[in-house]
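So the chains spell out like this:
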Amino acid sequence: MINKKCIIAILLTAVLLMPASAQISRTYSRSANVAEATDSSISLWPATGAAYMGLRHVISFGNFKTSRVHASTNETVVMSVSLNRGAKFRFKQLLGDMAIKVKARQDLNIDDIAKFVKVIGNHNNLDKGLDYTATIDDPVEGVWTMAMNTSFSDEDFDCGFIYHENTDMQYLIRGRNYSNSLDVMLMRANFYYNIYDGDTLVASVNSDGKGWAWIDTTLAPERQIVLAAAISSMLMLKWNVN
C-alpha cells in the first residue's frame, strides 16, 4: 500500500516537472454556446466523439463527421507525468457524399519542421515550435497541410496555417492552449483556435467540455470539408488511451 506521504511526494514531483507556463491556472467561460475567443455572433455546434475517444471513434459536429478514427500513440511517462507523447490519427472526413483522407500527427521531427518552414517561411511564431500536423488529401483540389503549435500561452497568438501545396491559398490559425496544471497532469488538452481567410473568420474550434466547432457554411462544400478535416484533427488532441 502506498501511504499518504508517498502520494504527496509524487504529486509535488509531478508539479515541479511541469513547464512553468503549464502551472498557471486560467479561467475560461462560454456563454450561450459561444466561444469567448470568437466573434459574438458565431454559435458553435456541440461536437461528439472527441473527449477521451479511445480507439476508432467517430467525431461529428454540425453536418460534418469522420469515419472511424484509427489512432495510435507512443508515450513516455515518469512518475505519472507525460514527458513525451506522440500520437498518430488516420481517418476520412465526410460531408454528405464527399470524403477526403486525413492523416494527423503529434511531435514532429526535424525534417517535418524544415518542410513547413520552406513552404510557409520562418515567421509567425515558428520559433515556438510546430508540434502538430495534418495532411488532407482532397481528390478535387489536391493536398492541403495543417501545421501548428499547441504551446501554452496567456494570450492568443498566430500559431499555425492550413495551406495548399500547389497554390498560394493559405488559412491562418490563431488561438492558444489554456490548460492548467491539473489538465496537464491528467493529459487533457484545453484550447480554442480560430481559422481565418485573411481577416475573415471561417472556422472555430473549442475543446471545452466534449468540444465545440463551427464552419462558415456559405463557403464552397469542397472548402468546408477541408476546414472540417483540420478541426477534427484539432479535436483529436483530446484523445487519450484509457
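Here the residue index of a chain counts from 1 through its sequence in written order. Under the rules for a predicted model, residues below a pLDDT of 70 receive no local features and side-chain atom pairs below 80 are neither given nor counted, while totals for whole chains, interfaces and linings still include all residues. Side-chain numbers here rest on the full set of heavy atoms in the structure, without hydrogens or water.

*Asks:* Help me understand the environment of Phe152, please; the structure alone is not making it clear to me.
*Replies:* A helix here means a DSSP run of H or I that spans at least four residues, while a strand means a run of E at least two residues long, and both kinds are numbered starting from the N terminus. For Phe152, the position within the fold is in the loop between strand 8 (142-148) and strand 9 (157-164). For the pair Phe152 and Phe191, spaced 39 residues apart in sequence, the C-alpha separation works out to 9.1 Å.

*Asks:* Explanation requested: the packing of aromatic side chains in the structure shown.
*Replies:* Within a pair of aromatic rings, the relevant descriptors are the distance that separates the centres and the angle that separates the planes. Here is the rule: rings of Phe, Tyr and Trp (six-membered ring for Trp) pair when centre to centre is within 6.5 Å. Planes less than 30 degrees apart are stacked, more than 60 are edge-to-face, and the remainder are tilted. According to the stated counting rule, one finds 5 aromatic pairs in the structure shown. Both rings, one in Phe61 and one in Phe64, keep their centres 5.8 Å apart while their planes meet at 35°; by these two values the pair is tilted. Feature note: the residues Trp45, Phe61 and Phe64 constitute an aromatic cluster, connected by ring pairs.

*Asks:* How do you make sense of the layout of surface pockets when you look at a structure like this?
*Replies:* Gaps left between atoms are located by rolling a probe of water-molecule size over the structure's atoms. Only protein atoms enter the 1 Å grid used here, on which a cavity is any set of points holding a 1.4 Å probe that cannot leave and a pocket is any open set flanked by protein within 12 Å on both sides along at least five of seven lines; residues with an atom within 4 Å of a point are listed as lining. Grid points are joined across faces, edges and corners, and a volume is the space filled by probe spheres set on the points. Its volume calculated, the second largest pocket comes out at about 170 Å³. Every residue lining the second largest pocket is listed: Ser67, Arg68, His70, Arg90, Phe91, Lys92, Lys101, Val102, Lys103, Thr135 and Asp137. Of all the secondary structure elements, the ones that give two or more residues to the lining of the second largest pocket are strand 5 (81-95), strand 6 (98-106) and strand 7 (132-138). Here the residues of the lining of the second largest pocket sort into 2 nonpolar, 3 polar and 6 charged. Classes in brief: Ala, Val, Leu, Ile, Met, Phe, Trp, Tyr, Cys and Pro nonpolar; Asp, Glu, Lys and Arg charged; the others, Gly included, polar.

*Asks:* I'm lost on the pairing of strand 9 in this one. Help?
*Replies:* In terms of burial, strand 9 is a largely internal element, 8 of the 8 residues being buried. Of the pairings in the sheet, the one linking strand 8 to strand 9 comprises 5 bridges and is antiparallel in character. Directly across from Thr145, in strand 9, lies its bridge partner Tyr163. Pairing geometry for strand 9 and strand 10 (residues 170-177), over 6 bridges, is antiparallel. Following the sheet pairing, Tyr163 is matched in strand 10 by Gln170. Between any two strands, at least two bridges found by DSSP are needed for them to pair. Hairpin connection from strand 9 to strand 10: 5 residues lie between these consecutive antiparallel strands. Exposure is judged per residue with a 1.4 Å probe applied to protein chains only, and the accessible area is read against the type maximum: over 50% gives exposed, under 20% gives buried, and values in between give partly exposed.

*Asks:* I keep staring at the nonpolar core and nothing clicks. Help me out?
*Replies:* Looking at soluble globular proteins, one finds that nonpolar side chains tend to be buried together. Residue types Ala, Val, Leu, Ile, Met, Phe, Trp, Tyr and Cys, when buried and joined through side-chain atoms within 4.5 Å, form a set referred to as a nonpolar core. Grouped together as the largest cluster of nonpolar side chains are 45 residues, with contacts concentrated most on Phe61, Met146, Ile162, Ile173, Ile195, Ile231 and Met234. If you tally residues by element for this core, the top one is helix 4 (residues 221-235), at 9 residues. Setting aside its immediate chain neighbours within four residues, Ile173 contacts Met146, Met148, Phe157, Asp158, Cys159, Gly160, Phe161, Ile162, Tyr193, Asn194, Ile195 and Met234. Counting 6 residues, the second-largest nonpolar core is a separate cluster that includes Leu44, Tyr196, Leu201 and Trp214. Residues are treated as being in contact if the distance between any of their heavy atoms lies within 4.5 Å.

*Asks:* What is the right way to look at a positive patch on the surface in this model?
*Replies:* Patch membership requires more than 30% relative accessible area and the absence of a salt bridge. Residues of like charge join within 9 Å; the nonpolar side chains Val, Leu, Ile, Met, Phe, Trp and Tyr join within 5 Å. Residue burial considers only the protein chains on display, and all accessible areas are found by Shrake-Rupley using a 1.4 Å probe. Each salt bridge in this description consists of a side-chain nitrogen of Lys or Arg and a carboxyl oxygen of Asp or Glu lying within 4 Å of one another. Note that His is not counted, nor are the chain ends; the positive residues are Lys and Arg, and the negative ones are Asp and Glu. One atom stands in for each charge, and that atom is NZ of Lys, CZ of Arg, CG of Asp or CD of Glu. Taken together, the side chains of Arg90, Lys92, Lys101 and Lys103 present a region of like positive charge at the surface. Residue assignment for the positive patch shows that the elements contributing at least two residues are strand 5 and strand 6. Here Lys101 is to be found in strand 6. Given a relative accessible area of 52%, Lys101 falls into the exposed group.

*Asks:* I would appreciate a short explanation of the side chain of Thr66 in the present structure.
*Replies:* Examined against the element boundaries, Thr66 turns out to sit in strand 3 (residues 64-66). On the accessibility criterion, Thr66 (2% relative accessible area) is buried.

*Asks:* What am I meant to see in the confidence of the model for the protein here?
*Replies:* When pLDDT drops low, the exact placement of atoms in the prediction is not to be read closely. One confidence number per residue, pLDDT, is output by the predictor and ranges from 0 to 100. Model confidence for the protein is summarised by a mean pLDDT of 74, while 64% of its residues fall at 70 or above. Note on residues 4-37: pLDDT under 50 across the span, and 59 contacts to partners over four residues away in sequence or across chains.

*Asks:* Hey, could you run me through the side chain of Asn190 in this one?
*Replies:* By the element assignment, Asn190 lies in the loop between helix 3 (181-185) and strand 11 (191-197). Owing to a relative accessible area of 14%, Asn190 belongs among the buried residues under this scheme. Not counting chain neighbours up to four residues away, the residues in contact with Asn190 comprise Arg176, Asn177, Tyr178, Ser179, Asp183, Ser207 and Lys238.

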